[in-house]
Amino acid sequence: MEKFNFKKKYGQNFLTDTNLLRAIVSDAGVGARDNVLEIGAGAGALTTQLAEATSGKIVSVEIDRELQPILEKNLGAYPNIQLVFGDILKIAPEEIAARFNNEPFRVVANLPYYISTPIIFYLIESGLAIKSITVMLQQELVDRIVAVPNTKDYGGISVILGLYGRVTKTRDVPRTLFTPQPNVDSSILSIEIFPDRQEGIVEISKVVKMCFSMRRKTLSNNLVHGLGVPRAEVDKVLTECGIEPSARAESLLREKYIALTTALKNAKFI
(Lines give C-alpha, C1' and ligand atoms only; values in the text may rest on other atoms or scores of the structure.)
Protein backbone atom coordinates (compact mmCIF):
# COMPACT_ATOMS: atom_id res chain seq x y z
CA MET A 1 0.00 0.00 0.00
CA GLU A 2 1.01 3.65 -0.26
CA LYS A 3 3.38 5.11 2.33
CA PHE A 4 1.42 5.52 5.53
CA ASN A 5 2.28 6.04 9.19
CA PHE A 6 0.33 3.47 11.22
CA LYS A 7 -1.12 4.94 14.40
CA LYS A 8 -0.84 2.91 17.57
CA LYS A 9 -3.54 4.98 19.27
CA TYR A 10 -6.09 3.69 16.72
CA GLY A 11 -4.90 0.09 16.93
CA GLN A 12 -4.27 0.04 13.18
CA ASN A 13 -3.43 -3.42 11.83
CA PHE A 14 -4.40 -3.82 8.18
CA LEU A 15 -5.22 -7.00 6.25
CA THR A 16 -4.26 -7.38 2.61
CA ASP A 17 -4.67 -11.14 2.00
CA THR A 18 -7.38 -11.25 -0.68
CA ASN A 19 -8.44 -14.83 0.02
CA LEU A 20 -8.96 -14.06 3.70
CA LEU A 21 -10.84 -10.85 2.94
CA ARG A 22 -13.18 -12.75 0.64
CA ALA A 23 -13.61 -15.39 3.35
CA ILE A 24 -14.67 -12.70 5.83
CA VAL A 25 -17.30 -11.43 3.40
CA SER A 26 -18.50 -15.00 2.93
CA ASP A 27 -18.61 -15.60 6.70
CA ALA A 28 -20.71 -12.43 6.99
CA GLY A 29 -23.28 -13.86 4.58
CA VAL A 30 -23.26 -10.70 2.47
CA GLY A 31 -25.76 -11.18 -0.36
CA ALA A 32 -26.10 -9.40 -3.68
CA ARG A 33 -28.35 -6.64 -2.31
CA ASP A 34 -27.35 -6.47 1.33
CA ASN A 35 -26.60 -3.16 3.00
CA VAL A 36 -23.41 -3.19 5.07
CA LEU A 37 -21.97 -1.06 7.87
CA GLU A 38 -18.19 -1.40 7.94
CA ILE A 39 -16.35 -0.12 11.00
CA GLY A 40 -12.72 0.71 10.30
CA ALA A 41 -12.12 1.04 6.58
CA GLY A 42 -8.32 1.07 6.89
CA ALA A 43 -6.94 1.31 3.38
CA GLY A 44 -10.16 -0.08 1.90
CA ALA A 45 -9.10 -3.69 1.23
CA LEU A 46 -12.12 -5.24 2.95
CA THR A 47 -14.37 -2.44 1.73
CA THR A 48 -13.47 -3.33 -1.85
CA GLN A 49 -14.42 -6.97 -1.32
CA LEU A 50 -17.73 -5.92 0.21
CA ALA A 51 -18.45 -3.70 -2.79
CA GLU A 52 -17.68 -6.62 -5.12
CA ALA A 53 -20.19 -8.78 -3.22
CA THR A 54 -23.19 -6.46 -3.00
CA SER A 55 -24.89 -3.66 -4.89
CA GLY A 56 -26.46 -2.51 -1.63
CA LYS A 57 -25.32 0.54 0.29
CA ILE A 58 -22.00 0.26 2.12
CA VAL A 59 -21.45 2.82 4.86
CA SER A 60 -17.82 2.67 5.95
CA VAL A 61 -16.84 4.49 9.14
CA GLU A 62 -13.17 5.38 9.62
CA ILE A 63 -11.76 7.35 12.55
CA ASP A 64 -8.47 8.37 10.89
CA ARG A 65 -8.99 11.30 8.51
CA GLU A 66 -5.45 10.95 7.17
CA LEU A 67 -6.69 7.85 5.33
CA GLN A 68 -9.20 9.90 3.32
CA PRO A 69 -7.05 10.41 0.18
CA ILE A 70 -6.02 6.73 0.17
CA LEU A 71 -9.62 5.58 0.56
CA GLU A 72 -10.98 7.96 -2.05
CA LYS A 73 -8.37 6.69 -4.50
CA ASN A 74 -8.91 3.00 -3.71
CA LEU A 75 -12.69 3.10 -3.55
CA GLY A 76 -13.56 5.72 -6.14
CA ALA A 77 -14.80 3.12 -8.63
CA TYR A 78 -17.60 1.95 -6.32
CA PRO A 79 -20.61 4.30 -6.23
CA ASN A 80 -22.38 2.30 -3.50
CA ILE A 81 -19.72 3.12 -0.89
CA GLN A 82 -20.30 6.05 1.47
CA LEU A 83 -17.32 7.07 3.59
CA VAL A 84 -17.93 8.57 7.03
CA PHE A 85 -14.99 9.92 9.02
CA GLY A 86 -15.52 9.82 12.76
CA ASP A 87 -15.64 7.71 15.90
CA ILE A 88 -18.40 5.09 15.63
CA LEU A 89 -19.04 5.40 19.38
CA LYS A 90 -19.85 9.09 18.94
CA ILE A 91 -22.26 8.61 16.04
CA ALA A 92 -25.90 8.50 17.10
CA PRO A 93 -27.73 5.29 16.10
CA GLU A 94 -30.37 7.47 14.48
CA GLU A 95 -27.76 8.86 12.07
CA ILE A 96 -26.66 5.37 11.09
CA ALA A 97 -30.26 4.27 10.56
CA ALA A 98 -30.88 7.35 8.37
CA ARG A 99 -27.88 6.54 6.17
CA PHE A 100 -29.53 3.20 5.40
CA ASN A 101 -32.98 4.75 5.01
CA ASN A 102 -34.01 2.72 8.08
CA GLU A 103 -33.45 -0.53 6.16
CA PRO A 104 -31.76 -3.57 7.76
CA PHE A 105 -28.01 -4.01 7.32
CA ARG A 106 -25.12 -6.29 8.21
CA VAL A 107 -22.07 -5.20 10.19
CA VAL A 108 -18.58 -6.24 9.06
CA ALA A 109 -15.45 -4.99 10.82
CA ASN A 110 -11.81 -5.55 11.68
CA LEU A 111 -11.97 -3.94 15.11
CA PRO A 112 -9.03 -2.49 17.06
CA TYR A 113 -8.47 -4.75 20.06
CA TYR A 114 -8.46 -1.95 22.60
CA ILE A 115 -12.01 -0.81 21.81
CA SER A 116 -13.69 -3.92 20.39
CA THR A 117 -15.92 -4.70 23.40
CA PRO A 118 -17.38 -1.16 23.71
CA ILE A 119 -18.17 -1.16 19.98
CA ILE A 120 -19.92 -4.54 20.17
CA PHE A 121 -22.04 -3.38 23.11
CA TYR A 122 -22.79 -0.12 21.31
CA LEU A 123 -24.15 -2.12 18.39
CA ILE A 124 -26.29 -4.56 20.33
CA GLU A 125 -27.73 -1.87 22.60
CA SER A 126 -28.38 0.60 19.76
CA GLY A 127 -31.75 -0.79 18.67
CA LEU A 128 -30.60 -0.68 15.04
CA ALA A 129 -32.00 -3.12 12.46
CA ILE A 130 -28.87 -5.26 12.34
CA LYS A 131 -29.10 -8.63 10.56
CA SER A 132 -25.68 -9.93 11.54
CA ILE A 133 -22.37 -8.84 13.03
CA THR A 134 -19.14 -10.32 11.67
CA VAL A 135 -15.99 -8.99 13.30
CA MET A 136 -12.30 -9.74 13.52
CA LEU A 137 -11.29 -9.79 17.18
CA GLN A 138 -8.49 -10.90 19.43
CA GLN A 139 -8.65 -14.70 19.58
CA GLU A 140 -8.85 -14.73 23.37
CA LEU A 141 -11.95 -12.51 23.32
CA VAL A 142 -13.71 -14.65 20.71
CA ASP A 143 -13.04 -17.77 22.79
CA ARG A 144 -14.69 -16.02 25.75
CA ILE A 145 -17.70 -14.98 23.72
CA VAL A 146 -18.44 -18.49 22.43
CA ALA A 147 -17.77 -20.14 25.82
CA VAL A 148 -20.43 -22.24 27.59
CA PRO A 149 -21.56 -22.13 31.26
CA ASN A 150 -19.35 -23.58 34.00
CA THR A 151 -16.13 -22.86 32.12
CA LYS A 152 -13.46 -20.31 33.01
CA ASP A 153 -14.03 -18.35 29.79
CA TYR A 154 -17.80 -17.99 30.27
CA GLY A 155 -18.53 -14.41 31.26
CA GLY A 156 -20.90 -11.50 30.90
CA ILE A 157 -20.17 -10.98 27.22
CA SER A 158 -20.83 -14.70 26.55
CA VAL A 159 -24.29 -14.36 28.13
CA ILE A 160 -25.30 -11.09 26.51
CA LEU A 161 -24.22 -11.85 22.95
CA GLY A 162 -25.75 -15.33 23.20
CA LEU A 163 -29.10 -13.74 24.02
CA TYR A 164 -28.82 -11.39 21.05
CA GLY A 165 -27.95 -13.95 18.38
CA ARG A 166 -26.29 -17.21 17.41
CA VAL A 167 -22.57 -16.77 18.03
CA THR A 168 -19.95 -18.72 16.07
CA LYS A 169 -16.20 -18.61 15.70
CA THR A 170 -15.79 -19.12 11.96
CA ARG A 171 -11.98 -19.17 11.66
CA ASP A 172 -8.70 -18.28 13.33
CA VAL A 173 -6.39 -15.73 11.72
CA PRO A 174 -2.63 -15.77 12.41
CA ARG A 175 -0.93 -12.51 13.33
CA THR A 176 1.43 -12.85 10.35
CA LEU A 177 -1.36 -11.76 7.97
CA PHE A 178 -1.53 -8.25 9.44
CA THR A 179 0.52 -5.14 8.73
CA PRO A 180 1.99 -4.14 11.13
CA GLN A 181 2.03 -7.51 12.86
CA PRO A 182 0.23 -7.48 16.25
CA ASN A 183 1.39 -9.45 19.29
CA VAL A 184 -1.62 -11.78 19.32
CA ASP A 185 -3.61 -13.95 16.94
CA SER A 186 -7.15 -13.11 15.86
CA SER A 187 -10.40 -14.93 15.14
CA ILE A 188 -13.52 -14.08 13.19
CA LEU A 189 -16.73 -13.95 15.21
CA SER A 190 -20.10 -14.19 13.52
CA ILE A 191 -23.33 -13.22 15.30
CA GLU A 192 -26.48 -14.07 13.35
CA ILE A 193 -29.08 -11.89 15.02
CA PHE A 194 -32.24 -13.64 16.19
CA PRO A 195 -35.29 -12.32 14.26
CA ASP A 196 -37.22 -12.20 17.54
CA ARG A 197 -34.29 -10.79 19.47
CA GLN A 198 -34.58 -10.66 23.22
CA GLU A 199 -36.51 -7.62 24.43
CA GLY A 200 -35.05 -5.52 27.20
CA ILE A 201 -31.48 -6.36 26.18
CA VAL A 202 -30.16 -3.16 27.80
CA GLU A 203 -31.67 -4.02 31.19
CA ILE A 204 -30.52 -7.64 30.94
CA SER A 205 -27.02 -6.43 30.07
CA LYS A 206 -26.93 -4.31 33.22
CA VAL A 207 -27.98 -7.25 35.39
CA VAL A 208 -25.47 -9.61 33.76
CA LYS A 209 -22.62 -7.13 34.18
CA MET A 210 -23.61 -6.70 37.82
CA CYS A 211 -23.65 -10.46 38.41
CA PHE A 212 -20.19 -10.88 36.86
CA SER A 213 -18.71 -7.76 38.46
CA MET A 214 -16.69 -9.84 40.94
CA ARG A 215 -16.33 -13.38 39.64
CA ARG A 216 -15.15 -14.83 42.95
CA LYS A 217 -18.22 -13.50 44.74
CA THR A 218 -21.64 -15.14 44.87
CA LEU A 219 -24.61 -13.84 42.92
CA SER A 220 -26.12 -12.67 46.18
CA ASN A 221 -23.05 -10.64 47.11
CA ASN A 222 -22.73 -9.04 43.68
CA LEU A 223 -26.40 -8.06 43.52
CA VAL A 224 -26.43 -6.68 47.08
CA HIS A 225 -23.38 -4.58 46.19
CA GLY A 226 -24.70 -3.49 42.78
CA LEU A 227 -28.32 -2.80 43.72
CA GLY A 228 -27.85 -1.47 47.25
CA VAL A 229 -30.71 -3.72 48.38
CA PRO A 230 -30.81 -5.74 51.66
CA ARG A 231 -29.49 -9.29 51.29
CA ALA A 232 -32.75 -10.86 52.44
CA GLU A 233 -34.62 -9.15 49.60
CA VAL A 234 -32.03 -10.16 47.01
CA ASP A 235 -31.97 -13.76 48.22
CA LYS A 236 -35.77 -13.90 48.07
CA VAL A 237 -35.76 -12.86 44.40
CA LEU A 238 -33.01 -15.35 43.55
CA THR A 239 -34.83 -18.20 45.30
CA GLU A 240 -38.08 -17.36 43.51
CA CYS A 241 -36.18 -17.68 40.23
CA GLY A 242 -34.89 -21.10 41.23
CA ILE A 243 -31.37 -19.76 41.75
CA GLU A 244 -29.26 -20.56 44.79
CA PRO A 245 -28.05 -17.29 46.36
CA SER A 246 -24.65 -18.93 46.85
CA ALA A 247 -24.34 -19.71 43.12
CA ARG A 248 -21.81 -17.90 40.99
CA ALA A 249 -22.52 -16.05 37.78
CA GLU A 250 -20.71 -18.51 35.49
CA SER A 251 -23.05 -21.34 36.54
CA LEU A 252 -26.24 -19.79 35.15
CA LEU A 253 -27.72 -20.50 31.74
CA ARG A 254 -28.67 -17.45 29.69
CA GLU A 255 -32.38 -18.06 30.21
CA LYS A 256 -31.93 -17.67 33.97
CA TYR A 257 -30.64 -14.14 33.44
CA ILE A 258 -33.82 -13.25 31.58
CA ALA A 259 -35.93 -14.56 34.46
CA LEU A 260 -33.75 -12.80 37.02
CA THR A 261 -34.00 -9.46 35.22
CA THR A 262 -37.79 -9.76 35.05
CA ALA A 263 -37.99 -10.61 38.76
CA LEU A 264 -35.76 -7.68 39.72
CA LYS A 265 -37.92 -5.35 37.63
CA ASN A 266 -41.11 -6.69 39.24
CA ALA A 267 -39.56 -6.11 42.66
CA LYS A 268 -38.70 -2.56 41.51
CA PHE A 269 -35.00 -3.10 42.24
CA ILE A 270 -34.05 -1.96 38.73
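All values reported here derive from a predicted model rather than from experimental measurement. (Residues numbered from 1 in each chain as written. Predicted model: local features only at pLDDT ≥ 70, side-chain atom pairs only at ≥ 80, totals over all residues. Heavy atoms only, no water.)

**A short note on the nonpolar core**
The biggest cluster of nonpolar side chains holds 65 residues, and the ones touching the most others in it are Leu37, Ile133 and Leu260. Not counting the four nearest positions on each side in its chain, Ile133 is found in contact with Val107, Leu123, Ile124, Tyr164, Leu189, Ser190, Ile191 and Ile193. (Core = buried A, V, L, I, M, F, W, Y, C linked by side-chain atoms within 4.5 Å. Buried < 20%, exposed > 50% of the residue type's maximum accessible area, 1.4 Å probe, protein only. Contact = heavy atoms within 4.5 Å.)

**Some words on unusual backbone geometry**
A positive phi angle, close to 60 degrees, is found at Asn102, a residue other than glycine. Checked against the element boundaries, Asn102 lands in the loop between α4 (93-99) and β5 (105-110). Although it is not a glycine, Asn150 sits at a positive phi angle of roughly 65 degrees. Positionally, Asn150 belongs in the loop between α6 (139-145) and α7 (156-164). (Helix = DSSP H or I, 4+ residues; strand = E, 2+ residues; numbered from the N terminus.)

**Some points on the side chain of Ser60**
Here Ser60 shows up in strand β3 (residues 58-62). A relative accessible area of 0% places Ser60 in the buried class. A polar side-chain atom of Ser60 sits 2.6 Å from a polar atom in the side chain of Glu38. Once you skip the residues sitting within four places of it in the chain, Ser60 turns out to touch Glu38, Ala41, Thr47, Gln82, Leu83 and Val84. (Polar contact = N/O pair within 3.5 Å; in protein donor to acceptor, adjacent residues only side chain to side chain.)

**Observations regarding the pattern of salt bridges**
Going through the model one piece at a time under the given rule, you end up with 11 salt bridges. A salt bridge links Glu125 to Lys209; the shortest N-O distance between them is 3.7 Å. Highlighted residues: Glu125 in the loop between α5 (116-124) and β6 (130-138) and Lys209 in helix α8 (residues 201-211), separated in sequence by 84 residues. Using a relative accessible area of 31% as the deciding quantity, one classes Glu125 as partly exposed. The exposure class of Lys209 is partly exposed, given its relative accessible area of 42%. Among the salt bridges present, the one from Asp172 reaches Lys169, with a minimum N-O distance of 3.2 Å. When its relative accessible area of 31% is taken as the criterion, Lys169 is described as partly exposed. Overlapping salt bridges bring together Asp34, Arg106, Lys131 and Glu192 as one network. (Salt bridge = Lys/Arg side-chain N within 4 Å of Asp/Glu carboxyl O.)

**Regarding the confidence of the model for the chain**
Taken as a whole, the chain shows an average pLDDT of 91; of its residues, 94% reach a score of 70 or greater. Between residues 6-12, whose pLDDT stays under 50, and residues either more than four places distant or in other chains, the model counts 22 contacts. (pLDDT = per-residue confidence, 0-100.)

**A few points about the sheet that holds β3**
Pairing within the open sheet is mixed, and its 7 strands lie in the order β4-β3-β2-β5-β6-β9-β7. If you trace the sheet from one side to the other, it starts and ends with β4 (81-85) and β7 (165-173), each paired once. Within this sheet the neighbouring strands show an average axis-to-axis angle of 15 degrees, counted without direction. Bridging between β3 and β4 involves 5 bridges; their strand directions are parallel. The partner of Glu62 across the bridge, within β4, is Phe85. On top of the sheet, helix α1 (residues 18-27) reaches β5, β6, β7 and β9 (186-193); it is set at about 170 degrees to β7, its chief contact. (Pairing = 2+ DSSP bridges. Axes fitted to C-alpha atoms, helices over the stretch in contact; angles between N-to-C directions.)

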